[in-house]
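# Coordinate inspection notes
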Amino acid sequence: MALNLDFSFLTSDVIRSNLVATFEYSIQLTAVAALGGTALGTLIALMRLSSVRWLQRIATVYVDLLRSIPLVMVILWFYLLIPASFYSMIAGSFGENHRPEFAAVITFTFFEAAYYSEIMRAGIQSVPRGQSYAGYAVGMTYAQCMRLVVLPQAFRNMLPVLLTQTVVLFQDTSLVYAIGASDWLKGFQTVGNLFNRPAEMYLFAALGYFVVSFSLSMLVRRLQSRIQIIR
Amino acid sequence: MIEIKNVSKWYGNFQVLTDCTTRINKGDVVVVCGPSGSGKSTLIKTVNALEPIQQGDIVVDGVSISDKKTNLPKLRSRVGMVFQHFELFPHLSITDNLTLAQIKVLGRGKDEAIKRGMKMLDRVGLSAQKDKFPGQLSGGQQQRVAIARALSMDPIVMLFDEPTSALDPEMVGEVLDVMVGLAQEGMTMMCVTHEMGFAKRVSNKVIFMDAGKIVEDCSKDDFFGNPDARSPRAKEFLSKILQH
């Protein structure tokens with residue numbers, strides 16, 4: 001059976017009205033979850049490495065729990081569990097009609113934090129102990145020592161891994177189909193349904209995700225050789 | 001200026017320091033020596049509370065480090081420390097290394113911090129390197145910058161933890177020269193070192209440690225000049241180290 005592919009319906013108008021805004025949303029979702037997840041993840045990593053028992057506990061449970069549940073389920077549960085009042089309070093620019101899109105941002109931030117925290121934990125541990133000693137010895141507090149001495153080096157050491165995780169995150173955002181959020185993949189699907197050409201559109205979608213992910217990976221590789229700290 | 005009173009410290013069940021007592025007066029240059037694993041580095045790190053102690057007390061310039069009310073960061077900011085592995089901040093330029101703590105800890109203005117930092121950098125003879133990063137300097141240069149970083153904070157005492165042990169032999173001299181200069185200017189110094197030449201030249205007191213205990217605590221002249229009065233362990237150490 002020959003596969004009859006026909007891409008003639010793909011005019012620039014169709015692309016503009018279905019694939020641009022949705023692409024922007026997917027990128028926004030990735031960016032916010034990456035930044036928010038790294039910030040939250042760093043906090044969790046610090047908790048996990050702290051000498052305070054109950055902080056360690058909370059962080060460990062958080063990470064272990066989120067890493068043991070399939071992402072699709074986390075997306076569903078967050079969507080169902082975040083109360084409506086929360087949306088109207090915070091969602092602002094998203095509005096009541098965009099609950100899934102907003103829920104996805106929250107979900108991914110908290111979910112990715114679990115993964116970023118493990119990366120940051122490794123990063124913090126990669127900074128020699130003598131560096132903290134040096135920070136404390138010149139009179140820094142714990143917070144100053146972390147902010148000015150340890151974390152900048154941890155970020156730099158881990159940047160390639162953080163970005164690689166972000167590429168994975170970008171691909172994972174397509175899972176928001178579970179709650180019907182209008183992301184890039186949804187855009188492709190819409191066009192496919194509209195012209196009854198799902199095969200073509202899924203192929204096209206795969207190509208789209210590949211190009212973005214692959215370019216990001218190449219960028220990471222180039223960065224890797226440039227940002228290393230000279231020791 | 002520094003009083004170490006009956007200090008004991010354990011790592012788990014292992015006792016690293018046993019009942020250590022000594023004092024360092026203003027202007028003293030004290031050399032702490034002894035075989036490796038004898039607790040010298042641990043002892044010097046307890047002075048500014050980088051390593052906690054479980055028993056005894058240390059009083060630095062009238063401030064007790066084991067008093068819960070003591071502001072340890074503030075105390076440490078007045079005690080300069082130089083490490084075996086330099087521990088310059090590798091992500092910052094030499095200038096930033098010299099000014100960071102002055103600005104963030106002492107609250108100095110940027111101009112003042114740079115002025116002070118450059119003066120100290122000049123003192124260790126490395127003004128030309130101010131825009132480089134630590135990784136671009138040799139070990140000896142890095143250690144001199146580390147000394148300048150500590151001096152920029154205007155410390156009341158300087159602690160040196162084996163400052164030349166990680167250096168190539170030909171770079172030891174340049175670091176010792178800076179330390180000798182400091183000693184001659186009257187800086188109060190506590191140095192963990194194997195450099196017996198340095199000890200003979202500028203120290204006025206030698207502490208010899210073995211197995212976590214202070215075995216000898218005497219003047220330099222007694223330590224080197226009167227070996228018969230020394231403990232067997234110190235005699236053995238001296239005979240090995242002074243043979244060559």
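The structure reproduced in this document is the subject of the present report. (Residues numbered from 1 in each chain as written. Chains lettered and ligands numbered in written order. Predicted model: local features only at pLDDT ≥ 70, side-chain atom pairs only at ≥ 80, totals over all residues. Heavy atoms only, no water.)

To continue, consider the sheet that holds strand S4 (residues 55–60) of chain B. Residues and elements named next belong to chain B. One open sheet holds the four strands; their spatial order is S2-S1-S4-S5, and the pairing between them is antiparallel. In the strand order of this sheet, the two ends are held by strand S2 (14–24) and strand S5 (63–64), each with one partner. Of the pairings in the sheet, the one linking strand S1 (residues 2–11) to S2 comprises seven bridges and is antiparallel in character. Each residue of the ladder has a partner; that of Lys-9, found in S2, is Leu-17. The sheet strands contacting helix H1 (residues 40–47) are S1, S2 and S4, and the helix crosses S1 at an angle near 120 degrees. (Pairing = 2+ DSSP bridges. Helix = DSSP H or I, 4+ residues; strand = E, 2+ residues; numbered from the N terminus. Contact = heavy atoms within 4.5 Å. Axes fitted to C-alpha atoms, helices over the stretch in contact; angles between N-to-C directions.)

Here we take up the interface of chain B and chain A. Taken together, the contact between chain B and chain A spans 23 residues of the former and 20 residues of the latter. On the chain B side of the contact with chain A, B:Phe89, B:Pro90 and B:His91 bury the most area, a combined 30% of that side's loss. Remark: the boundary between chain B and chain A carries five residue pairs in polar contact (both at pLDDT 80 or more). Those elements that provide at least two residues to the side of chain B that touches chain A are helix H2 (72–77), strand S6 (79–82) and helix H3 (94–104) of chain B. Grouping the amino acids of the side of chain B that touches chain A by side-chain chemistry returns 12 nonpolar, five polar and six charged. (Buried area = accessible area lost by both parts, 1.4 Å probe. Polar contact = N/O pair within 3.5 Å; in protein donor to acceptor, adjacent residues only side chain to side chain. Nonpolar A, V, L, I, M, F, W, Y, C, P; charged D, E, K, R; others polar.)

Another aspect to go through is helix H4 (residues 110–123) of chain B. Owing to its 3.6 residues per turn, the α-helix brings residues three or four apart onto one side. All names here are of chain B. Under the 1.5 Å per step criterion, the end-to-end length of H4 is 20 Å for 14 residues, consistent within 8% with the ideal 20 Å. Turning to H4, the residues buried within the fold contact H3 and helix H5 (139–151). Phi turns positive one or two residues past the end of H4, at Gly-125, with a value near 75 degrees. (Expected span 1.5 Å × (residues − 1).)

Turning next to the nonpolar core. In a soluble, globular protein the nonpolar side chains are often hidden away together inside. Judged by nonpolar contacts, the single largest core of 72 residues is most densely connected at A:Phe108 and B:Met190. With residues near it in sequence (within four places) discarded, B:Met190 still touches B:Ile4, B:Ile24, B:Val30, B:Val32, B:Leu43, B:Ile44, B:Val47, B:Met158, B:Leu159 and B:Phe160. (Core = buried A, V, L, I, M, F, W, Y, C linked by side-chain atoms within 4.5 Å. Buried < 20%, exposed > 50% of the residue type's maximum accessible area, 1.4 Å probe, protein only.)

On to helix H3 (residues 71–81) of chain A. Residue and element names in this part refer to chain A. Residues of H3 that are buried include every one of Leu-71, Val-74 and Ile-75, and no others. Projection of H3 onto a plane perpendicular to its axis shows the buried side chains occupying an angular sector of 100 degrees, all on one side. Counted as exposed and oriented over 90 degrees from the buried face of H3: Leu-80 and Leu-81. Next to the buried residues of H3 lie helix H2 (53–67), helix H5 (99–126) and helix H7 (142–172). (Arc of directions from axis to C-beta.)

Moving on to a nonpolar patch on the surface. All names here are of chain A. Together, Val-61, Leu-65, Ile-69, Met-73, Trp-77, Leu-80 and Leu-81 make up a nonpolar patch on the protein surface, roughly 720 Å² of accessible area in all. Among the elements of the structure, H2 and H3 are those that each provide at least two residues to the nonpolar patch. No other element matches H3, which puts four residues into the nonpolar patch. Structurally, Trp-77 is set in helix H3. (Patch = residues over 30% accessible without salt bridge, like charges linked within 9 Å, V, L, I, M, F, W, Y side chains within 5 Å. Areas by Shrake-Rupley, 256 points an atom, 1.4 Å probe, with all protein chains shown as cover. Salt bridge = Lys/Arg side-chain N within 4 Å of Asp/Glu carboxyl O.)

The tally for this structure, following the rule as stated, stands at 12 aromatic pairs over all chains. Measuring from centroid to centroid gives 5.1 Å for A:Trp184 and A:Tyr209, while their planes differ by 50 degrees, and the two rings are tilted. Pair noted here: A:Trp184 is in helix H8 (residues 184–194) and A:Tyr209 is in helix H9 (residues 198–227), with a separation of 25 residues, a long-range link. Judged by relative accessible area, A:Trp184 falls into the buried class, the value being 9%. Among the aromatic side chains, those forming a connected cluster through ring pairs are A:Phe23, A:Phe170, A:Trp184, A:Phe188, A:Phe204 and A:Tyr209. A cation over a ring is seen here: B:Arg149 above B:Phe89, with NZ or CZ 4.6 Å from the ring centre. (Phe/Tyr/Trp six-rings, centres within 6.5 Å; stacked < 30°, edge-to-face > 60°. Lys NZ or Arg CZ within 6 Å of the ring centre and 35° of its normal.)

Regular strands place side chains that alternate from one sheet face to the opposite one. Residues and elements named next belong to chain B. Burial along strand S8 (residues 189–192) is two-sided: Met-189 and Cys-191 and Met-190 and Val-192, pointing in opposite directions, are all buried. Where strand S7 (residues 157–161) lies against S8, four bridges are found, and the strand directions are parallel. Across the sheet, residue Met-158 finds its bridge partner in S8, namely Met-189. Once the chain exits S7 it traverses helix H6 (residues 169–184) before rejoining the sheet at S8, and the crossover so formed is right-handed. (Right-handed = clockwise from strand over helix to strand, strands pointing away.)

Here we come to the layout of surface pockets. All names here are of chain A. Computed from the structure, the largest pocket encloses a volume of approximately 530 Å³. Lining the largest pocket are 18 residues, and of these Leu-49, Arg-129, Tyr-136, Tyr-142 and Met-146 lie nearest its centre. The set of elements that each furnish at least two residues to the lining of the largest pocket consists of helix H1 (12–49), H5, helix H6 (129–137) and H7. The element best represented in the lining of the largest pocket is H6, accounting for four residues. Taken together, the residues that form the lining of the largest pocket break down as 12 nonpolar, four polar and two charged. (1 Å grid on protein atoms, 1.4 Å probe; cavity = no way out; pocket = protein on both sides within 12 Å on 5 of 7 lines; lining within 4 Å. Points joined across faces, edges and corners; volume = space filled by probe spheres on them.)

Applying the stated criterion across every chain, the model contains one cavity of 30 Å³ or more. It is S6(B) that contributes the most residues to the lining of the largest cavity, three residues altogether.

Attention now moves to the pairing of S4(B). Residues and elements named next belong to chain B. Inspection of the sheet shows S1 paired to S4 by five bridges, in the antiparallel sense. Within the sheet, the bridge partner assigned to Ile-2 lies in S4 and is Val-60. Strand direction decides the pairing type here: S4 and S5, joined by two bridges, are antiparallel. Considered in S5, the bridge of Val-59 is made with Ser-64.

Further remarks concern the pattern of salt bridges. Residues and elements named next belong to chain B. Summed over the entire model, instances satisfying the criterion amount to 20 salt bridges over all chains. We note a salt bridge from Asp-131 to Lys-130, for which the minimum N-O separation is 3.4 Å. What makes Asp-131 exposed here is its relative accessible area of 56%.

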